[in-house]
Number of protein chains: 2
Amino acid sequence: MRVGELSKRSGVPVATIKYYLREGLLPAGVLTSPNQAHYDDEHLRRLRLVRALVDVGGLSIASVRDVLVAVDTRDDSLHNKLGTVQEAITQPGSAELDPLAVKDVQEFFARQGATDCVDVTESHVTHMLATALSAARSVGHDDFRNLLDPYLEGLKIIARADLEYITRHGSPDDIIEGMVVGTLIGDAVLKAVRRLAHGQVSREVFGQRPPD
Amino acid sequence: MRVGELSKRSGVPVATIKYYLREGLLPAGVLTSPNQAHYDDEHLRRLRLVRALVDVGGLSIASVRDVLVAVDTRDDSLHNKLGTVQEAITQPGSAELDPLAVKDVQEFFARQGATDCVDVTESHVTHMLATALSAARSVGHDDFRNLLDPYLEGLKIIARADLEYITRHGSPDDIIEGMVVGTLIGDAVLKAVRRLAHGQVSREVFGQRPPD
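A quick note: this is a predicted structure, and the numbers were derived from the prediction, not measured.

**Points about the UniProt feature "domain: HTH merR-type" (unreviewed entry) in chain A**
Line of reasoning, step 1. Feature annotation in UniProt places "domain: HTH merR-type" (unreviewed entry) on residues 1–70 of chain A, given in this structure's numbering.
Line of reasoning, step 2. For the annotated span residues 1–70 of chain A, helix accounts for 61% and strand for 10% of the residues, and the straight-line distance between the end C-alpha atoms is 27 Å.

Below you can see the structure in the form of structure tokens.
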């Protein structure tokens, strides 16, 4: 397809596609004449992935380039590639950490056998969790750590649905694009559905009681 | 206790306590002399709730006042009070909604029998969900709606743990304070633990496969 068709099918303006081409985020098309290049479905998939990283993930062009290098590394499992992308789309946060919250996270990870992301200085995910538990401790909710295990139990059900969702299509670019969208837009969906779940469970627990 | 002790036990500065007293967010203490008032555990609980609404929930003083009126309404169930507070701490969002996403949400709520929060113009929670599904649709993920049911299934496990957590203490103020902190800080904890769950499930699904 020509660049106009690529733009139409991806929803990305031609000027943006040309910018991505110049920045090396999209491989050049096959020249069919000095002024005309031909693009295929691989370009379309890559373009969708780049758009998800930029528009949904908010990544800089340089970060997108790093992610694409990881995605294109041949000798690596899809699991590792997904892990790399997940770290890239997770904001590290800059709040000060409560050492007790860090300890809570380390104990939780040790319990769960998640030995590859224990260090808060190395893993954005770990840092994000320690930041949230620090905030809870700062308002006197030291016991929040007790929620981590049931949270993980519920979230594994959700993660299985997510993985099923993103593997509908076979290509690695599509799977990774699905993970970016699923993780980031999924966070917002999850927040809203969580409030609905609270309402349903609160009705079960408090709905029949006389007013306090 | 005197105001100094109330400040120490709540972690809220004396000047802030005096400001809350002037704004009517905290009932006046019992005067023991012309310049000295006595506060009790009710004041401490109310102060913790106000702080959670202001510091964690980011509510304005006027919104806090509205929430406290709802909390103090005698003839209402705790379930309804929690619903009122949940709406108050949920940002409505201003993005344009995709009518198809609104329809997805309405069908989901109808399936789940959640008839009390179907209208996007009336419920912040509904609006939040429609906003997130609109964002998914805008990047070609119309099928995201299929994740709503498994999300709710996982989130009910989480909501039960949350409700158990916030009902450890008996007083309504403590329960509502726990819900504010649990909902808002819980969102951040959930985001982080979700990434861990993704990692664990991805390892199960992709970890053993040869690289693509």
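Still to come is the rest of the account.
**Quick look at the pairing of strand E1 (residues 30–33) of chain A**
All names here are of chain A.
Line of reasoning, step 1. As paired elements, E1 and strand E2 (residues 36–38) share three bridges and run antiparallel to each other. By the bridge assignment, Leu31 is partnered in E2 with Ala37.
Line of reasoning, step 2. A loop of two residues connects E1 with E2, the two strands running antiparallel in sequence.

**Side note on the side chain of B:Asp174**
All names here are of chain B.
Line of reasoning, step 1. As for its position among the elements, Asp174 is in helix H9 (residues 172–206).
Line of reasoning, step 2. One buried charged residue, Asp174, remains without a salt bridge, the closest side chain of opposite sign being Arg45 at 4.3 Å.
Line of reasoning, step 3. Every residue in contact with Asp174, bar those within four places of it in the chain, is listed here: Arg45 and His169.

**Describing helix H6 (residues 99–112) of chain B**
Line of reasoning, step 1. End to end, H6(B) covers 20 Å across 14 residues, agreeing with the expected 20 Å (1.5 Å per residue, within 8%).
Line of reasoning, step 2. When H6(B) is considered as a whole, its buried residues turn out to be B:Ala101, B:Val102, B:Asp104, B:Val105, B:Phe108 and B:Phe109. Projected onto a plane normal to the axis of H6(B), the buried residues spread over an arc of 155° and lie on a single side. Among the exposed residues of H6(B), those oriented more than 90 degrees off its buried face are B:Pro99 and B:Ala110.
Line of reasoning, step 3. Elements in contact with the buried residues of H6(B): helix H9 (172–206) of chain A together with helix H7 (124–138) and helix H8 (148–166) of chain B.
Line of reasoning, step 4. For H6(B), the N-terminal cap is B:Asp98; the gap from its side-chain oxygen to the backbone nitrogen of B:Leu100 is 2.8 Å.

**Regarding the side chain of A:Ser134**
Residue and element names in this part refer to chain A.
Line of reasoning, step 1. Structurally, Ser134 is set in helix H7 (residues 124–138).
Line of reasoning, step 2. The exposure class of Ser134 is buried, given its relative accessible area of 7%.
Line of reasoning, step 3. Non-local contacts of Ser134, meaning those with residues more than four positions away in its chain, are made with Glu96, Leu97, Asp98 and Ala101.

**Thoughts on the pattern of salt bridges**
Line of reasoning, step 1. In the structure shown here, the tally under the stated rule is 30 salt bridges over all chains.
Line of reasoning, step 2. Between A:Asp162 and B:Arg194 there is a salt bridge, and its shortest N-O distance comes to 2.9 Å. Residue A:Asp162 is found in helix H8 (residues 148–166), and its partner B:Arg194 is found in helix H9; the two belong to separate chains.
Line of reasoning, step 3. B:Arg194 is paired through a salt bridge with A:Asp187; the nearest N and O atoms lie 2.9 Å apart. Residue B:Arg194 is found in helix H9, and its partner A:Asp187 is found in helix H9; the two belong to separate chains. As far as the burial class goes, B:Arg194 and A:Asp187 line up, both buried.
Line of reasoning, step 4. Put simply, A:Asp104, A:Arg137, A:Asp142 and A:Arg145 are held in one network by salt bridges that share partners.

About the thresholds
Residues numbered from 1 in each chain as written. Chains lettered and ligands numbered in written order. Predicted model: local features only at pLDDT ≥ 70, side-chain atom pairs only at ≥ 80, totals over all residues. Heavy atoms only, no water. UniProt positions renumbered as here; feature names shortened; annotations may be inferred. Helix = DSSP H or I, 4+ residues; strand = E, 2+ residues; numbered from the N terminus. Pairing = 2+ DSSP bridges. Buried < 20%, exposed > 50% of the residue type's maximum accessible area, 1.4 Å probe, protein only. Lys, Arg positive; Asp, Glu negative; His and termini not counted. Salt bridge = Lys/Arg side-chain N within 4 Å of Asp/Glu carboxyl O. Contact = heavy atoms within 4.5 Å. Expected span 1.5 Å × (residues − 1). Arc of directions from axis to C-beta. Polar contact = N/O pair within 3.5 Å; in protein donor to acceptor, adjacent residues only side chain to side chain.

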